[in-house]
Amino acid sequence: MIKNRIKTAKKIILNSVILCFFVISSNAQSNTDENTFWSNVQFGGGVGLNFGNGFFSGAIAPNAIYNFNPYVATGVGLNFQYSSQRDVFKSTVVGGSVIGLFNPYRELQLSTEFEQLYVNRDFDEQFVSNVDDSYWYPALFLGAGYRSGNVTFGIRYDVLYDEDKSIQHQAWMPFVRFWF
């Protein structure tokens, strides 16, 4: 079942990359002015910090998108996350993503985002039942959010969610996106 999900995810990524390539190349042929291209690019992303009794988690996820028009945008992102619980585990997650945004109305944003993450979990030796683990994990999020200016608040769902491998506790996840 997981092999089928990975095959499906790979097909989605390949089709998304091919689509982005054709759209960007066709747009590049009609607009030779380099300033026009950069005026449609936005940068943004997210930063996360969580800490408590012996626990720490920090994340940074920069993104860049290209706005084809007021309704459609696509882009790429990077993801880095480090988590640790004193005397229990350390975890490092590194990866990238491809995102597509659709704004049917000014305030509504629909999104699809594919992430491919490399997860490295290192458990303390006292937890024999938890084996150290390193693996690639795909996530395909479908989301919806409320957009106000350069900020979007919403929720997204990982359709490839696997409770044994996911770095998230559940398939549903709230998000906040910032673009500049």
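Figured I'd write up the structure that's included with this text.

What counts, and where the lines are drawn
Residues numbered from 1 in each chain as written. Predicted model: local features only at pLDDT ≥ 70, side-chain atom pairs only at ≥ 80, totals over all residues. Heavy atoms only, no water. Helix = DSSP H or I, 4+ residues; strand = E, 2+ residues; numbered from the N terminus. Buried < 20%, exposed > 50% of the residue type's maximum accessible area, 1.4 Å probe, protein only. Contact = heavy atoms within 4.5 Å. Areas by Shrake-Rupley, 256 points an atom, 1.4 Å probe, with all protein chains shown as cover. Phe/Tyr/Trp six-rings, centres within 6.5 Å; stacked < 30°, edge-to-face > 60°. Lys NZ or Arg CZ within 6 Å of the ring centre and 35° of its normal. Polar contact = N/O pair within 3.5 Å; in protein donor to acceptor, adjacent residues only side chain to side chain. Pairing = 2+ DSSP bridges. Axes fitted to C-alpha atoms, helices over the stretch in contact; angles between N-to-C directions. Salt bridge = Lys/Arg side-chain N within 4 Å of Asp/Glu carboxyl O.

The next subject is the overall build of the protein. On a plain count of helices and strands, the protein comes out with 2 helices and 8 strands. For the protein, the succession of helices and strands along the chain, N to C, is α-α-β-β-β-β-β-β-β-β. Every one of the 180 residues in the protein was classed for burial, and the buried ones make up 33%. Taking all contacts inside the protein whose residues are at least 6 apart in sequence as the whole, residues at least 24 apart take part in 47%. If you sum the accessible surface of the protein, you get close to 11,500 Å²; carbon and sulfur atoms cover 61% of it.

This structure, assessed with the given rule, holds 7 aromatic pairs. On the numbers, 5.0 Å between centres and 20 degrees between planes, the contact of Phe37 with Tyr66 is stacked. Of this pair, Phe37 sits in helix H2 (residues 34-39) while Tyr66 sits in strand E2 (residues 55-67), placing them 29 residues apart in sequence. Residue Tyr66 is classed as buried on the basis of its relative accessible area, which comes to 6%. What links up through ring pairs into an aromatic cluster is the set Phe37, Trp38, Tyr66 and Phe68. Of note, Arg156 hangs over the ring of Phe141, and the distance from its end group to the ring centre comes to 3.6 Å. Across the ring face of Phe175, the terminal group of Arg177 is positioned such that the distance to the ring centre comes to 4.0 Å.

So, about the side chain of Arg156. Along the chain, the position of Arg156 falls in strand E7 (residues 151-158). On the basis of relative accessible area, Arg156 is assigned to the buried category, the value being 10%. Among the polar contacts made by the side chain of Arg156, one reaches the side chain of Glu113 at a distance of 2.7 Å. Not counting the four nearest positions on each side in its chain, Arg156 is found in contact with Glu113, Glu115, Phe141, Leu142, Gly143, Ala171, Trp172, Met173 and Phe175.

Here 8 strands make up a closed barrel; going around it, the order is E1-E2-E3-E4-E5-E6-E7-E8 and the pairing antiparallel. Direction aside, the axes of adjacent strands within the sheet are offset by 25 degrees on average.

The next thing to look at is the pairing of E2. Two strands pair when backbone bridges link them, and strand E1 (residues 41-52) and E2 are joined in this way by 12 bridges, in the antiparallel orientation. Its bridge partner being in E2, Phe43 is matched across the sheet by Ala64. In sequence, E1 turns back onto E2 through a hairpin of 2 residues, with Gly54 there showing a positive phi of about 80 degrees. Relative to strand E3 (residues 72-85), E2 runs antiparallel, the two being bridged by 11 bridges. Among the inter-strand pairings, Ser57 is bridged to a residue of E3, identified as Ser83. Remark: 4 residues form the turn of the hairpin made by E2 and E3, two consecutive strands paired antiparallel.

Let's shift gears to the pattern of salt bridges. According to the stated counting rule, one finds 3 salt bridges in the structure shown. Measuring nitrogen to oxygen at the nearest pair gives 3.9 Å for the salt bridge that ties Glu113 to Arg177. Remark: Arg177 occurs in strand E8 (residues 172-179) and Glu113 occurs in strand E5 (residues 108-123); sequence separation between them is 64 residues. Judged by relative accessible area, Glu113 falls into the buried class, the value being 7%. Accessibility expressed as a relative area gives 9% for Arg177, which makes it buried. With a closest N to O distance of 3.9 Å, Glu115 and Arg156 form a salt bridge.

By themselves, these observations are geometric and do not establish any function.
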